[in-house]
Amino acid sequence: MKITKIIIIGGGYAGIRALEHLSKDKSNEITLFDSHSYHYMQTGVYDFIANENDFSKITVDLFTLCAGFGPNVAFRKEKVLDVDFDSQKVFTEIQDYEYDYIIVAVGSRTKFFDSIIGLKKYAHGIKALHKALYFKQKFELSLFTKIEEEGNYCNPLNIIIAGAGLSGVEIAAQMASFSRDFYKQNNFLCRKLNIVLIDAYERILPGVDEVLVDASMKRLQELEVIIKDGRKVIEVTEDSVHLSSGEILPMDFMIFTGGIEPKDLVYGLKVPKDAREHIVTNEYLQIEGYENAYAAGDCTILYDGEKFVAPTADVAEQMAELCAKNIANTLKNKPLLKHSIKSRGMLIALGRRYAVGKIFGMYVGGYFGYILKKIIEKVYSKRLFMRSGRGSKKIFGD
Ligand SMILES: Cc1cc2nc3c(=O)[nH]c(=O)nc-3n(C[C@H](O)[C@H](O)[C@H](O)COP(=O)(O)OP(=O)(O)OC[C@H]3O[C@@H](n4cnc5c(N)ncnc54)[C@H](O)[C@@H]3O)c2cc1C
């Protein structure tokens, strides 16, 4: 049996989906690299912040997950530092590895714009698990400090979220909903919490279906989130946020969800990229210039014809599936498949047990929307947990 060496960089949504497909062919010897030991399910962060989940529910161990795929899959917790696509080598912080095929799926991170004074120093991102955990703990501690103040004085707690895309809107709604329940349940008097959502565009959720934008606006207003759209953050200090409108907002904690950029590795890769440093692929999702190198997920830029396809977990998985199929087709001397990837839908979590969305052209909302979002997430995580259960038996025995 001829062995094909395949390397996947990144154990996120794209990397795992590619692994699921490619591992079925036992003549593929696959190595997955990730700088972390876990797969982080970012789409479940809203429930984590609202204390409906702990972090065991949004992570899957990559060692046991990979062991669950069988002996042809290995996981290496190593940060990839560079790839030489000509000599077909991957360089990690530990050693070099050769490959026949490669999929780059390293995702993205929060972009803290240098042009906004103080942003990097005083604002926090949410895309990495440790950052989400820090934020959640800080938020709870702030609520606790407020109730400690009961009976003395009651200064408001000011939380600023800059960037009203999907993640900014979800986080604002979850925090507002969580704190509302928290105060109500405990009957605390000192309940002044200001959650301010800022966006440079005229409407929140740019690019999202108008019906969903209206429903989200309505829900955010019910939750008393203060929306300041059509304004840019121009400066951040230790305790204030300055806007292009001239307003200066008091700030106890700030989250920035206003932009993403590729990870370090991508900046250094000598492959075609767009102006924002995302990898450019062809219609088969091969990296331009290399027939055995593919890229998928948030580290790439994708168009459906002329239309930009927003980066989501759903899109990352569809891309990875196509990369895996095209590698399989090449090995079987079959023609490559062209991509026609579109978003299959969107569900926006808007506070505890509430979501709105559009799935396969149908609008859903309220508790039903939330249940649907939960089912999709549960099906995804259950599949991975079952496989990693099999892996842990292999590693630790029954
Ligand atoms: C708060 C929030 C809510 C979201 N909600 C939704 C939602 O409801 N629906 C939806 O579809 N999408 C949602 N998204 C977007 C979605 O999470 C991303 O589009 C998705 O994670 C992209 O998948 P990916 O595989 O490209 O990257 P990721 O999932 O980010 O995975 C990349 C992996 O690569 C690893 N890596 C990076 N650099 C290296 C290196 N040099 N060496 C080794 N490993 C490396 C990382 O550790 C990581 O594990 C949300 C995002 C956020 C932040």
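Residues numbered from 1 in each chain as written. Predicted model: local features only at pLDDT ≥ 70, side-chain atom pairs only at ≥ 80, totals over all residues.

Right, let's talk about the packing of helix 3 (residues 62-69) against helix 10 (residues 366-396) for a bit. At a closest axis distance of 6 Å, the pairing of helix 3 and helix 10 adopts a crossing angle of 85°. With respect to each other, helix 3 and helix 10 are oriented roughly perpendicular. Facing Phe-63, Thr-64, Leu-65, Cys-66, Ala-67, Gly-68 and Phe-69 of helix 3, the residues of helix 10 in contact are Leu-384, Arg-387, Ser-388, Arg-390, Gly-391, Ser-392, Lys-394 and Ile-395. (Axes fitted to C-alpha atoms, helices over the stretch in contact; angles between N-to-C directions. Helix = DSSP H or I, 4+ residues; strand = E, 2+ residues; numbered from the N terminus. Parallel < 35°, antiparallel > 145°, perpendicular 65-115°, else oblique. Contact = placed C-beta atoms within 7 Å.)

Let us now look at the domain arrangement of the chain. Domains assigned within the chain are domain 1 (4-110 + 261-344 + 375-396) and domain 2 (119-259). Measuring from the centre of the C-alpha atoms in domain 1 to the corresponding centre in domain 2 gives 32 Å. Mapped onto the side of domain 1 that touches domain 2, the elements with two or more residues apiece are helix 2 (45-49) and strand 10 (108-110). Tallying contributions element by element places helix 2 first for the side of domain 1 that touches domain 2, with four residues. Looking at the side of domain 1 that touches domain 2, its residues break down into eight nonpolar, four polar and two charged. (Domains from an automatic or database assignment. Nonpolar A, V, L, I, M, F, W, Y, C, P; charged D, E, K, R; others polar.)

Below, the discussion takes up helix 5 (residues 129-148). Here helix 5 spans 29 Å end to end across 20 residues, near enough to the 28 Å set by a 1.5 Å rise per residue. The complete set of buried residues in helix 5 reads Ala-132, Phe-135, Lys-136, Phe-139, Leu-143 and Lys-146. Each buried residue of helix 5 sits inside an arc of 100° when the element is viewed along its axis, so together they form one side. Exposed residues on helix 5 whose side chains face more than 90 degrees from its buried face are His-130, Gln-137, Leu-141, Phe-144, Thr-145 and Glu-148. (Expected span 1.5 Å × (residues − 1). Buried ≥ 20, exposed ≤ 12 C-beta atoms within 10 Å, placed from the backbone. Arc of directions from axis to C-beta.)

All right, on to the site of the ligand then. Neighbouring residues of the ligand: 34 residues in total, closest Gly-10, Gly-12, Gly-107, Gly-297 and Thr-312. Those elements that provide at least two residues to the shell around the ligand are helix 1 (13-22), helix 6 (166-186) and helix 9 (313-331). Looking at the shell around the ligand, its residues break down into 15 nonpolar, twelve polar and seven charged. Per-domain counts for the shell around the ligand show at least three residues from each of domain 1 (4-110 + 261-344 + 375-396) and domain 2 (119-259). (Near = placed C-beta within 6 Å.)

So, on to helix 9. Taking 1.5 Å of rise per residue, the 19 residues of helix 9 would be expected to cover 27 Å, and the 27 Å separating its terminal C-alpha atoms lies within 8% of that figure. Of all the residues in helix 9, the buried ones are Val-315, Ala-316, Glu-317, Gln-318, Met-319, Ala-320, Leu-322, Cys-323, Ala-324, Asn-326 and Ile-327. The secondary structure elements touched by the buried residues of helix 9 are strand 1 (4-9), helix 1, strand 9 (101-104) and strand 20 (293-295). Positioned one or two residues after helix 9, Asn-333 has a phi angle of 55°, which is positive.

Another aspect to go through is the sheet that holds strand 14 (residues 233-236). Taken in spatial order, the three strands of this open sheet run 14-15-16, and their pairing is antiparallel. Of all strands in the sheet, those with a lone pairing partner are strand 14 and strand 16 (248-250), marking the two edges. Within this sheet the neighbouring strands show an average axis-to-axis angle of 25°, counted without direction. For strand 15 (residues 240-243) and strand 16, the ladder comprises three bridges, and the chain directions are antiparallel. From the neighbouring strand, Ser-240 faces strand 16, where its bridge partner is Pro-250. (Pairing = 2+ DSSP bridges.)

Our next topic: the sheet that holds strand 6 (residues 80-84). Overall, antiparallel pairing links the three strands, which are arranged 6-7-8 in an open sheet. Both edges of this open sheet fall to strand 6 and strand 8 (96-98), since each of them pairs with a single strand only. Direction aside, the axes of adjacent strands within the sheet are offset by 20° on average.

This part takes up unusual backbone geometry. For Gln-88, which is not glycine, the phi torsion reads 55° and is therefore positive. In this structure, Gln-88 sits in the loop between strand 6 and strand 7 (89-92). Taking the number of C-beta atoms within 10 Å as the measure of exposure, Gln-88 has 18 and is therefore partly exposed.

Turning our attention to the nonpolar core. Judged by nonpolar contacts, the single largest core of 58 residues is most densely connected at Ile-160, Ala-172, Ala-173, Met-175, Ile-195, Leu-197 and Met-254. The greatest single-element share of this core, amounting to eight residues, is contributed by helix 6. Sequence-distant contacts of Ile-195, that is, excluding residues within four places in its chain, are made with Ile-159, Ala-172, Met-175, Ala-176, Val-225 and Ile-226. Within the second largest apolar cluster, 51 residues are counted, among which are Ala-67, Val-83, Ala-105 and Leu-384. (Core = buried A, V, L, I, M, F, W, Y, C linked by C-beta atoms within 7 Å.)

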